[in-house]
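Each chain, letter by letter, is given below.
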Amino acid sequence: MLYSVKMRSAQGGAHEKGGRHISGAERILPADQLDYAVLTMLHRAQEHERGRADFISLKVEEIKPQDVVYKPLLAFSACKADSAAEGQRTAIEELKRAGVSEEAAKHGLALVNGLTDSMRGAMVVDAESGERIDGMGERGVRASKMDCVNSRGYDEYMQQRGLTGDHVREALVLASKVAGAEGMVAELCWSDDPYYVTGYVASPLYGYRRIPVMKERGNGVGGRIFFVRPGTDMQKLINYMEEQVVMIKPEGVPEC
Ligand code: WAQ
Ligand code: MG
């Protein structure tokens, strides 16, 4: 049996009482890994660089096997960029290569650069026109209910490639779920953690393309965009992102 463990933390009270979001995390794990996951999340909420949380919510739920679908892990590769400006130019090139129009790619970057505070979720943007189409306001669309089938094997796979830390671990799994959505052309993301300047463009065609610098150090605004084909059914997309349980299978990683 699998379980979902969710954590969200805020400062100045709970999110629903106006608290400022500090951090969140979600894992889907077998029963024997639950206690360790809960402790790790608790510690993480208590020591986050966005600030000290005074509200932490932890939720554990059982998941029915028939509610789970499986998708492959995206291939991982890295681009070169030495400055935020170069990283942003690279992101535009990667988005175009993946099938986003130049206008939509540029507009997408402008949308993220124009945020004054971080959103909790992603903006959904039409990959041809560049229009934002989700209508979800400051919240955006959240991708959740995903994890890696074989966590230990996945951690080893990442370590062998020199990829350590929660950011990249979670981003690659999230991007793999996102790339598996109907109508998805590409995803653009960089972190809202002030000192984590790395971002990526991911797509079904070219996999996860890491970009070393997407913003200046110390900048606490980041964001995410899902670029979709024109005519994509938004209700179906939101349902897939927020409700469908997706377990990611790293190909070639032996089961532990
Ligand atoms: N679903 C949709 N959007 C989200 C989610 C989610 N579950 N979580 C965060 N976002 C949006 C939200 O607007 C955040 O402000 C923005 O993404 C950035 O979130 O290879 O850490 O969690 O080393 O700060 C990239 C790793 C790390 C690059 C990205 O994003 C690498 C990261 P963060
Ligand atoms: Mg963050």
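Here, every reference points to the structure presented above.
Caption draft 1: Summary view of the pairing of strand β11 (residues 223-228). In terms of residue burial, β11 counts as a mostly covered element, since five of its six residues are buried. Across four bridges, the pairing between strand β6 (residues 123-126) and β11 is parallel. Note that in β11 the partner of Asp126 across the bridge is Val228. Looking at chain direction, strand β8 (residues 184-190) and β11 are connected through six bridges and run antiparallel.

Caption draft 2: Spotlight on the pattern of salt bridges. Applying the stated criterion across every chain yields a total of 17 salt bridges. The closest approach of N and O atoms between Glu94 and Arg209, which form a salt bridge, is 3.0 Å. One end of the pair, Glu94, is in helix α2 (residues 84-98); the other, Arg209, is in strand β10 (residues 207-211), and 115 residues separate them in sequence. Side by side, Glu94 and Arg209 carry an identical accessibility label, which is buried. Of the charged contacts, one joins Glu182 and Lys236 as a salt bridge, the two residues approaching to 3.4 Å between their closest N and O atoms. Taken together, the positions of Glu182 in the loop between α5 (166-179) and β8 and Lys236 in helix α6 (residues 234-243) put the pair 54 residues apart, joining distant regions of the chain. Residue Lys236 is classed as partly exposed on the basis of its relative accessible area, which comes to 48%. A cluster of three or more residues bridged by salt bridges with shared partners is formed by Glu93, Lys96, Glu102 and Lys106.

Caption draft 3: Local environment of the sheet that holds strand β9 (residues 199-203). With mixed pairing, the six strands of this open sheet are ordered in space as β5-β10-β9-β8-β11-β6. On the outer flanks of this sheet lie β5 (76-78) and β6, each paired with one strand and no other. Neighbouring strand axes in the sheet, compared pairwise and without regard to direction, differ in orientation by 20° on average.

Caption draft 4: Up close: the site of ligand 1. Ligand 1 sits among 25 residues. The nearest are Gly121, Asp192, Tyr196, Tyr208 and Arg210. A distance of 2.9 Å separates an oxygen atom of ligand 1 from a polar side-chain atom of Ser191. Taking Tyr208, its side chain carries an N or O atom lying 2.7 Å from an oxygen atom of ligand 1. Every element with two or more residues in the shell around ligand 1 is listed here: α5, β8, β10 and β11. In terms of residues, the shell around ligand 1 owes the most to one element, α5, which gives four residues. Class assignment of the residues belonging to the shell around ligand 1 gives a composition of 12 nonpolar, seven polar and six charged.

Caption draft 5: A look at helix α3 (residues 102-113). With 12 residues, α3 should cover 16 Å at 1.5 Å per step; its first-to-last C-alpha distance of 17 Å lies within 8% of that length. What α3 keeps buried is the set Ala104, Ala105, Gly108, Leu109 and Val112. Seen along its axis, α3 keeps its buried residues to an arc of 135°; they face one direction. Close packing links the buried residues of α3 with α2, β6, β8 and β11.

Caption draft 6: Fine view of α2. If you check α2, its first and last C-alpha atoms are 21 Å apart, about what 15 residues at 1.5 Å a residue would give, namely 21 Å. Taken together, the buried positions of α2 are occupied by Ala84, Gly87, Gln88, Thr90, Ala91, Ile92, Glu94, Leu95 and Ala98. Contacts made by the buried residues of α2 are with α3, β8, β9, β10 and β11. Looking one or two residues beyond α2, the residue adopting positive phi is Gly99, at roughly 115°.

Caption draft 7: Focus on the side chain of Gln88. Assignment of secondary structure puts Gln88 in helix α2. Setting aside its immediate chain neighbours within four residues, Gln88 contacts Leu109, Asn113, Trp190 and Met214.

Caption draft 8: Looking closely at the environment of Asp67. Note that Asp67 resides in the loop between β3 (55-63) and β4 (68-72). Note: C-alpha distance between Asp67 and Asn113 (46 residues apart in sequence) is 37 Å. Not counting chain neighbours up to four residues away, the residues in contact with Asp67 comprise Gln244 and Val245.

Caption draft 9: The packing of helix α4 (residues 151-160) against α5, seen in detail. Between α4 and α5, the shortest axis-to-axis distance is 11 Å and the interhelical angle comes to 115°. Between α4 and α5, the angle falls in the class roughly perpendicular. Considering only the axes of α4 and α5, their crossing is right-handed. Contacts between α4 and α5 involve Ser151, Tyr154, Asp155 and Met158 on the former and, on the latter, Val168, Arg169, Leu172 and Val173.

Criteria and cut-off values
Residues numbered from 1 in each chain as written. Chains lettered and ligands numbered in written order. Predicted model: local features only at pLDDT ≥ 70, side-chain atom pairs only at ≥ 80, totals over all residues. Heavy atoms only, no water. Buried < 20%, exposed > 50% of the residue type's maximum accessible area, 1.4 Å probe, protein only. Helix = DSSP H or I, 4+ residues; strand = E, 2+ residues; numbered from the N terminus. Pairing = 2+ DSSP bridges. Salt bridge = Lys/Arg side-chain N within 4 Å of Asp/Glu carboxyl O. Axes fitted to C-alpha atoms, helices over the stretch in contact; angles between N-to-C directions. Near = heavy atom within 4 Å. Polar contact = N/O pair within 3.5 Å; in protein donor to acceptor, adjacent residues only side chain to side chain. Nonpolar A, V, L, I, M, F, W, Y, C, P; charged D, E, K, R; others polar. Expected span 1.5 Å × (residues − 1). Arc of directions from axis to C-beta. Contact = heavy atoms within 4.5 Å. Parallel < 35°, antiparallel > 145°, perpendicular 65-115°, else oblique. Left-handed = near helix turned anticlockwise from the far one by under 90°.

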